[in-house]
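Summary of the model geometry
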Amino acid sequence: MTDRISGSAFKQMVLFGAACITAQKQPINDLNVFPVPDGDTGTNMSLTIQTAAAELRKSQPATVGEAAKITASALLRGARGNSGVILSLLFRGISKATKGLDELDGAALAAALQEGVSTAYGAVMKPAEGTVLTVSRLSAVRAADAACENNSAEYVLEETIKAGAEVLAQTTDMNPVLKKAGVVDAGGKGYLVILEGMLRALRGEEIPQVEEQREKADFAAISEEEITFTFDTVFIVRKASENVDLKPLREYLSSIGDSLVIGEDDDAFKVHVHTDIPGNAINEAQKYGILEVCKIENMRIQADDVAAGKKTISADDLDNEEEMAAEEEVTFAPAEKRYGFLAVCAGEGLEAAFRDLGVDRIVSGGQTMNPSTEAILKEVNLTPSEVVFILPNNKNIVMAAQQCQGLTEKEVIVIPTATVPQGITAMMNVDTEEADPQVIAQTMADAAATVTTAQITYAARNSDFDGFAINEGDYLALLNGKLFGTDRDINVLLSKLADVAAQQGAEFVTAFFGEGVDEDHANAAAEIFAQRCPDAEVSAIPGGQPVYYYIISIE
């Protein structure tokens, strides 16, 4: 049994934990009971801890304090979504407790876990029971008792996980929504998956390789008659946004070829496919981002060359190009004015709306693609002002935005907007002549609170949620973030939302229509609201947002 954790051991533990949650991120995502497509817990926690793994791979920490500091710093900047932020806070507390320590014994590990809990709870305004906070708190209590029984780090971590598993099972009964769905808390599960990986590393197990191995086919063993499709097509596309859903692309490419492999990371994806129409494959892929490099070979003519190992452009080449570009780009904008504004949104139309209202910088993101603290911080530093107001426009991004405070010399103020319409209304009420930034912030927040936001999207999974029996693919209507209705006919939901607008005596209704919604349908949707609210000013504006067919502002 391993009694003490060194710096190098802590590094391996985090790498192992990162590999484990990456391998299990989809099962963790499936625990999310809310049927709306979102930046799911498993994905956010996986992406968050992978930032720490990347930094640790570049270093050789001599002490556990140094390793924990590197981990916490990377997690802070890489945090995505509320679950990622809480994970970063847990490790930030561990870093505080291990400062100056060469190694961790069982007692020190227990103290570090408890400090992690204190840090996380201190940052969450209204901690809820039945979440990762509950799992971490009660498992840390067991860690302290275990350290008194046996001052071995391995024993303490093992007992922590056992206790955490018992608490996790109880989260189903702690939260009515989880109980109805019959699942445990996704964040708590993710936390334990990471701890389990850390324990396996401490026991000396080999870190699992979670990245799919993508070996090139042995074309020397294939006769020309066996080649179904002519062109071996390989290309890399830089994603238009993080967490792009490549499932539709995979389905399309499978319909026009074979030998399909798609590999991806946060920034780009690489496609290998055999097809007779490579141009169509590339054109379709460019709907998801910008083409970086491609290689097309005629397998019937060049089979011998390919069999000889002709070199292709790799993802490493892309990484090198990105690193070189990053060294050349400007990373900090000096203040040219007192106040600046940054908004998070996805879609060219929404970006244009915010820019027209005076927003300086845009962070691409929203549902399904929660930007990291580092991504937000980068744009904060590029905002040419002393004070930067951030409009997250999504409740799952607020905490990540708040982590930017203290990471830059600029003063950062987060307006807790939960939707795009709230952000737009907040910007419409900005008074840059006001000398006190807190007064401006309060005015913006008050204005945002007056907005009713309706959204129409689709069900990402089957669910029995909040009294609705939902099937994957159903149209879903949300009202101020809560499930309002579901139907197979989108016009039925639009009519019901229009009735709500009429009941509220709406004076302004703006429907931002998303990608894939044509203008004729958007105008017809606006007409539904105009008929129900004859005295209101109703407009349909192209938002270009993914996931949501309509984002509707009612004032």
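Above this note sits the structure.
A word on the side chain of S88
- Tracing the chain through its elements places S88 in helix α5 (residues 81-98).
- Take S88: its relative accessible area is 1%, and that puts it in the buried class.
- A distance of 2.6 Å separates a polar side-chain atom of S88 from the backbone oxygen of V85.

Things to note about the packing of helix α8 (residues 153-174) against helix α10 (residues 186-202)
- Where α8 contacts α10, the axes come no closer than 10 Å and their chain directions differ by 155°. Our classification of the angle between α8 and α10 gives roughly antiparallel. Pair α8 / α10 crosses with left-handed handedness. Only G188, K189, L192, L195, E196, M198, L199 and L202 of α10 make contact with α8, whose side of the interface consists of A153, E154, L157, E158, T160, I161, G164, A165 and L168.
- Each residue belonging to the contact of α8 with α10 can be placed in one class, and the counts come to 10 nonpolar, 3 polar and 4 charged.

A few points about the sheet that holds strand β8 (residues 411-414)
- Strand order across the open sheet formed by 4 strands is β6-β5-β7-β8, with parallel pairing between neighbours. One side of each edge strand has no neighbouring strand; the edge strands of this open sheet are β6 (361-364) and β8. Neighbouring strand axes in the sheet, compared pairwise and without regard to direction, differ in orientation by 25° on average.
- Helix-sheet contacts for helix α16 (residues 373-381) involve β5 (337-345), β6, β7 (385-391) and β8, and the interaxial angle to β6 is about 165°.

Some details on the environment of A181
- Assignment of secondary structure puts A181 in helix α9 (residues 176-181).
- Along the backbone, A181 and L31 are 150 residues apart, and their C-alpha atoms lie at a distance of 8.9 Å.

Quick word on the sheet that holds strand β16 (residues 550-554)
- Overall, mixed pairing links the 6 strands, which are arranged β13-β12-β9-β16-β14-β15 in an open sheet. Since the sheet does not close on itself, it has two edges, and those belong to β13 (482-487) and β15 (537-542), each with one partner. Strand-to-strand twist of the sheet, defined as the mean angle between neighbouring strand axes without regard to direction, takes the value 20°.
- Pairing of strand β9 (residues 452-458) with strand β12 (residues 475-479), which is carried by 5 bridges, proceeds in the antiparallel orientation.

Describing the pattern of salt bridges
- Applying the stated criterion across every chain, the model contains 15 salt bridges.
- R142 is the partner of E159 in a salt bridge, and the nearest nitrogen-oxygen pair spans 2.9 Å. Remark: R142 occurs in helix α7 (residues 132-149) and E159 occurs in helix α8; sequence separation between them is 17 residues.
- When the shortest N-O distance is used, the salt bridge between R532 and D499 registers 2.8 Å. Note that R532 is positioned in helix α21 (residues 519-532) and D499 in helix α20 (residues 490-503), a separation of 33 residues in sequence.
- Through salt bridges with shared partners, one network takes in R142, E149, E159 and K162.

Basis of the calculations
Residues numbered from 1 in each chain as written. Predicted model: local features only at pLDDT ≥ 70, side-chain atom pairs only at ≥ 80, totals over all residues. Heavy atoms only, no water. Helix = DSSP H or I, 4+ residues; strand = E, 2+ residues; numbered from the N terminus. Buried < 20%, exposed > 50% of the residue type's maximum accessible area, 1.4 Å probe, protein only. Polar contact = N/O pair within 3.5 Å; in protein donor to acceptor, adjacent residues only side chain to side chain. Axes fitted to C-alpha atoms, helices over the stretch in contact; angles between N-to-C directions. Parallel < 35°, antiparallel > 145°, perpendicular 65-115°, else oblique. Left-handed = near helix turned anticlockwise from the far one by under 90°. Contact = heavy atoms within 4.5 Å. Nonpolar A, V, L, I, M, F, W, Y, C, P; charged D, E, K, R; others polar. Pairing = 2+ DSSP bridges. Salt bridge = Lys/Arg side-chain N within 4 Å of Asp/Glu carboxyl O.

Function cannot be inferred from these measures alone, as they are strictly geometric.
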